[in-house]
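Residue-level listing of the chains:
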Amino acid sequence: MFSETDILTRSAVLDYAANKLVQIDGRVLRTGFDDWDRACDETGQRGLGDWWYVLVGGASNSGKTQLLRWLARRALDSNYVPAIITMEVSVHGMQRHYYSDLTTFGYYDLLPHAWMDGDEGSSMKKLDDLAQQVVDYSAGGARNLIIVEAEGRPEISQIVEEAYRLSEVGVTHLFVDHAQLIKAPRGMDIAAAAEELSENMRIFAHKERCCTFMASQLNRSASAQRDRKPTMHDLWGGTAMESNANQVILLDSSRNSRDMQYPHLLKTYLLLDKNREGPAKIEIPVEVNFRTGVWRQADEDELTQWP
C-alpha cells in the first residue's frame, strides 16, 4: 500500500537522475496543442507523462468525446496502444468516426443509405477500398486501437477491473467516456460515484504507468450557464474530482464560434485549469474540424478571428 524512500541517500539521488534527468518519461504523448505540451514541465515540455491522470471536463455536448478521440488518435500516430472504454457511443459508432477520420471516406459516406447508393458491385468495391485503407493505416496490424463497449451502466469495480486487464495486454493510454454514466452503488449518488471512480483511475494510472483520461460532465448549474467560462470546481462530483488529477482540461463552450461558410469548423478554447506538472490557467485557442476529426491550435496571426 505504501513505499518508503529515504531521499537523502546517494542511491536515491541516482535513481532520481535516471528517471527524471537522464530519461524523462520515455512514453510522452504530444497532444498536438503546443501551449498544452509546453505547460508540461515534468516531461521537458514535450507532452503528457506516461503515468498521468487527466480529467477532460465540459458541458453536455461540448465536445468531450471528440477530444478524447483526438487524443487517442495522437497516441495511435505515435505508435502507442490506446483503448477507449465507451459508455455512450457504440463500437460501430466509434468505427464510423475513426474510419471517416483515417480514410478518404467521409462520415456520411459510411451511413447505410449512402453506402448502398449504387449496384452491389460498387458497394463491394467500396468495402474493399475501405478495408485496405484501414489496414494500411494500421501498418499491417502494428497499430492497434481497442474499443471497449460497456453494456448498460457498468459498476465502478467493473471499469477498474477492465482497466487493469487492458494494461496487462499492453495498452499504454486509456480513455474513459464518461464518469457520470456509471452505475452508482446503493446509497451513493452519481456525483459521489464519479468521485470514487476518479480516485480509482488516479491510482490505476500511477500504479500501471498508463496515461489515463476520463471525461466528466459539469454539474447541472454550470452546464446550464453556457455563457460562463467553466472552472474545475464545476466538475460533477466532489472536490476530489479535481484534486485527483494531474491535469484538468476544460472545454469552454461560452466562447464557441461556428464558421457560417464552413459549419463543420468550430472555434473555441481549451482551458488548462489545473496542472500539477507546470503552469496552469492557460487558455488555448483551438479549431475543431468535425469532418476530419482534427483538432489544432490557432496560430498567432489567427487570434483576431477567435471569439
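Notes on the structure follow. (Residues numbered from 1 in each chain as written. Predicted model: local features only at pLDDT ≥ 70, side-chain atom pairs only at ≥ 80, totals over all residues. Heavy atoms only, no water.)

**What to know about empty space enclosed by the protein**
Taken as a whole and assessed by the stated rule, the structure comprises one cavity of 30 Å³ or more. The calculated volume of the largest cavity comes to roughly 40 Å³. Along its surface, the largest cavity is lined by Ala-59, Leu-218, Ala-222, Gln-225, Arg-226, Arg-228, Pro-230, Leu-251 and Ser-253. (1 Å grid on protein atoms, 1.4 Å probe; cavity = no way out; pocket = protein on both sides within 12 Å on 5 of 7 lines; lining within 4 Å. Points joined across faces, edges and corners; volume = space filled by probe spheres on them.)

**Focus: the environment of Glu-161**
Tracing the chain through its elements places Glu-161 in helix H7 (residues 156-168). Spatially, the C-alpha atoms of Glu-161 and Gly-49 are 23 Å apart, while their sequence positions differ by 112 residues. (Helix = DSSP H or I, 4+ residues; strand = E, 2+ residues; numbered from the N terminus.)

**Observations concerning helix H3 (residues 64-77)**
Its 14 residues place the ends of H3 20 Å apart at the C-alpha level, agreeing with the 20 Å of an ideal helix rising 1.5 Å per residue. Of the residues making up H3, those classed as buried are Lys-64, Thr-65, Leu-67, Leu-68, Arg-69, Trp-70, Leu-71, Ala-72, Arg-73, Ala-75 and Leu-76. Asn-79 occupies a position one or two residues after H3 and carries a positive phi of about 65°. (Expected span 1.5 Å × (residues − 1). Buried < 20%, exposed > 50% of the residue type's maximum accessible area, 1.4 Å probe, protein only.)

**Considerations on the nonpolar core**
Grouped burial of nonpolar side chains is what soluble globular proteins tend to show. Membership of the largest hydrophobic core comes to 38 residues, with the highest contact counts inside it found for Leu-55, Leu-174, Met-201 and Met-214. Secondary structure elements with two or more residues in this core: strand S1 (53-58), strand S2 (82-86), H7, strand S4 (173-177), helix H8 (190-208), strand S6 (247-258) and strand S7 (265-275). The element best represented in this core is H8, accounting for six residues. Apart from residues no more than four positions distant in its own chain, Met-201 is found in contact with Tyr-53, Ile-159, Val-160, Ala-163, Val-176, Thr-212 and Met-214. Core analysis: the next-biggest nonpolar cluster, separate from the first, contains 34 residues, Val-56, Ile-84, Phe-213 and Val-288 among them. (Core = buried A, V, L, I, M, F, W, Y, C linked by side-chain atoms within 4.5 Å. Contact = heavy atoms within 4.5 Å.)

**Comments concerning the packing of aromatic side chains**
Counted according to the given criterion, the structure contains five aromatic pairs. Seen from their ring centres, Phe-33 and Trp-36 are 6.2 Å apart, and the 15° between their planes marks the pair as stacked. Per residue, the accessibility class of Phe-33 equals that of Trp-36, and both read buried. Arranged with centres 5.0 Å apart and planes meeting at 85°, the rings of Tyr-164 and Phe-204 form a pair that is edge-to-face. A residue pair is termed long-range when its members are at least 10 positions apart, and Tyr-164 in helix H7 and Phe-204 in helix H8 qualify at 40 residues. Of the residues examined, Phe-204 reaches a relative accessible area of 0% and is grouped as buried. Positioned above the aromatic ring of Tyr-98, the side-chain terminus of Arg-69 is 5.6 Å from the ring centre. (Phe/Tyr/Trp six-rings, centres within 6.5 Å; stacked < 30°, edge-to-face > 60°. Lys NZ or Arg CZ within 6 Å of the ring centre and 35° of its normal.)

**As for the sheet that holds S2**
Backbone-to-backbone hydrogen bonds join strands into a sheet, with any given pair of strands oriented parallel or antiparallel. Read from one edge to the other, the open sheet built from nine strands follows the order S3-S2-S4-S5-S1-S6-S7-S8-S9, with strand pairing classed as mixed. In this open sheet, the two edge strands, each paired with only one partner strand, are strand S3 (146-149) and strand S9 (294-297). Direction aside, the axes of adjacent strands within the sheet are offset by 25° on average. The sheet contact formed by S1 and strand S5 (residues 211-217) spans six bridges and is parallel. Bridge pairing in S5 links Tyr-53 to Thr-212. Contacts from H8 reach S1, S4 and S5, with the element oriented near 165° to S5. (Pairing = 2+ DSSP bridges. Axes fitted to C-alpha atoms, helices over the stretch in contact; angles between N-to-C directions.)

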